[in-house]
Structures are given as structure tokens and as C-alpha cells.
Amino acid sequence: SRRLRDEVVASGHPIGRDRVRRLMRVMGLAAIYPKKRLSLPDGAHRIYPYLLRGLPIMRPDHVWCTDLTYLRLKGGFAYLVAIMDWYSRYVLAWELSMSAETHFCVSALEAALSRSRPEIFNSDQGSQYTSKAFTQVLQDAGIQISMDGRGRVFDNIMIERLWRTVKYEEVYLKDYAHLFAARDSLHEYFEFYNEERRHSALAKKTPAAVYWDGRTRARKVG
């Protein structure tokens, strides 16, 4: 609003910032910038307890986790969500969107569930994950819902480590011109991350190897 006011005044039309803000609201105009907190809770939605405290996670599909982050584009910002297996760090699904609405988070969840199903699904308390549209998909699949405690960033530490890796190895090295360029580049990166990138925490194995080998062992035991 400040910059718009300055431009209008410079063109010879005196106007105050309050009026500019009011006109922006009337016309549905807003500045392009990422929200400081993408996962704001919605008081109307149910908050589920955190189920992972002290829980040993020893196999694939025991616990999945998710989170939302933003990416800078030349013309604004895009939002990235990922669904990851906690044990193997395997990224089961991800989606990009120009807005942080619930629908693309649900789309990523449904894509992941088309491949397998966890016993427990962990997220933060963001409105995307506490929404009925999201939790109903989990409930219909018979999955236990776990949510981080307020302000406890380490409750979902695995997905936070994923974002650090993705941003330093992919996002910060690229200059995405638009959403489609970001999607194509991230597709290649997540293929590399799952299939080729070895993790010291996984005995120098790839997430895909740990995930699929673990599932094979579980079927044999079962």
C-alpha cells in the first residue's frame, strides 16, 4: 500500500495510505509475499494428540509425516507439500500450488495412499492438516492421527530435515521462472533424492532402498 500510494501521489493525485489500503481491499489486491507462518491453527478444527513421544520407529509405513513450505519464483511464490515415510525418509508424494489451501495437501495425501498406508500420520497443527477434508481421508483409511505440540519444532524433525536438504541442494541453486519450471526441476530432484542420494543416517543407503527393502522384510515376517 505504501508503494502504491507513492506512485499515485507522484502521478499528481494526492491520496492517503488508508484510502489506498481500503481500495486494495475493495479490488481484491494484495502484495505478493510468503506468509511468515504457513501452518496456522484453526480453532474450529479438532487438534489430535502427539503420538510419537518415546515411540521407536523401526519399519517403513509405521509413521508418515508431512509439512508445507514455500519456494520463491520470479513472479511470486509457490507452496510445496511433501508426504514422507519417517523410518526411511522416502518421499512418497509431493505437490506444488500457487496458494496454501487445503486441496493440494489432500491431493498429495491421496497420491501417497495410492502407494501404501501408514499406521500413524504425523503433522503440525496447521489448518490444512486439521481440516475435515484432510483428517477424513486419514480416518476413512483407519490411520491414527498425530499432531505436533504447539511450538515444538522437533516433534516433526524428519520433515524439517528434508526441507533443509531440498532447499540447499535444489531450491537455493535454482531460479525458477514459473510454477511449471519449479515442478519439472523438483520432479528430477525428488527422483534423485529417493533413488540416488545416500544418507549417512541410513547406513549410506538411499531412501528408496531402505523403504522397499523394509517392506519386503515385513511381508516375509507377516
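For the structure itself, consult the block above.
Rules used in this analysis
- Residues numbered from 1 in each chain as written.
- Predicted model: local features only at pLDDT ≥ 70, side-chain atom pairs only at ≥ 80, totals over all residues.
- Heavy atoms only, no water.
- Axes fitted to C-alpha atoms, helices over the stretch in contact; angles between N-to-C directions.
- Helix = DSSP H or I, 4+ residues; strand = E, 2+ residues; numbered from the N terminus.
- Parallel < 35°, antiparallel > 145°, perpendicular 65-115°, else oblique.
- Left-handed = near helix turned anticlockwise from the far one by under 90°.
- Contact = heavy atoms within 4.5 Å.
- Nonpolar A, V, L, I, M, F, W, Y, C, P; charged D, E, K, R; others polar.
- Pairing = 2+ DSSP bridges.
- Salt bridge = Lys/Arg side-chain N within 4 Å of Asp/Glu carboxyl O.

(A) Molecular detail of the packing of helix H3 (residues 102-113) against helix H5 (residues 132-140). Direction vectors running N to C along H3 and H5 enclose 15°, while the axes themselves pass 9 Å from each other. By the criterion of interaxial angle, the relationship of H3 to H5 is roughly parallel. Considering only the axes of H3 and H5, their crossing is right-handed. Residues Thr102, Cys105, Val106, Leu109, Glu110 and Leu113 of H3 pack against Ala133, Phe134, Val137 and Leu138 of H5. When the residues that make up the contact of H3 with H5 are grouped by side-chain class, the tally is eight nonpolar, one polar and one charged.

(B) Structural view of the sheet that holds strand E5 (residues 144-147). One open sheet holds the five strands; their spatial order is E3-E2-E1-E4-E5, and the pairing between them is mixed. Looking at strand neighbours, the two that pair on one side only are strand E3 (91-97) and E5, the edges of this open sheet. Averaged over neighbouring strand pairs, the angle between their axes works out to 25° when direction is ignored. Note that strand E4 (residues 120-123) and E5 share four bridges and pair parallel. Its bridge partner lying in E5, Phe121 is registered against Ile145.

(C) A look at the environment of Leu55. The topology assignment puts Leu55 in the loop between helix H2 (17-27) and strand E1 (63-73). With residues up to four places along the chain from it excluded, the contact list for Leu55 reads His62, Val63 and Ile120.

(D) Looking closely at the packing of helix H6 (residues 157-169) against helix H7 (residues 179-195). Between H6 and H7, the least distance of the axes is 11 Å, while the angle of their chain directions is 120°. Here H7 runs oblique to H6, going by the angle between their axes. The two elements H6 and H7 meet at a crossing, and its hand is right-handed. Residues Leu162, Thr165, Val166 and Glu169 of H6 pack against Leu186, Tyr189, Phe190, Phe192 and Tyr193 of H7. Looking at the contact of H6 with H7 residue by residue, the class counts come to seven nonpolar, one polar and one charged.

(E) Geometry of the pattern of salt bridges. Summed over the entire model, instances satisfying the criterion amount to six salt bridges. Where Arg21 meets Asp18, a salt bridge forms, and the shortest distance between an N and an O atom there is 2.5 Å. Of this pair, Arg21 and Asp18 both sit in helix H2, three residues apart, roughly one helical turn. One salt bridge connects Arg197 with Glu169, and the closest N-O pair in it is separated by 2.7 Å.

Spatial relationships are all this shows, so hold off on functional conclusions.
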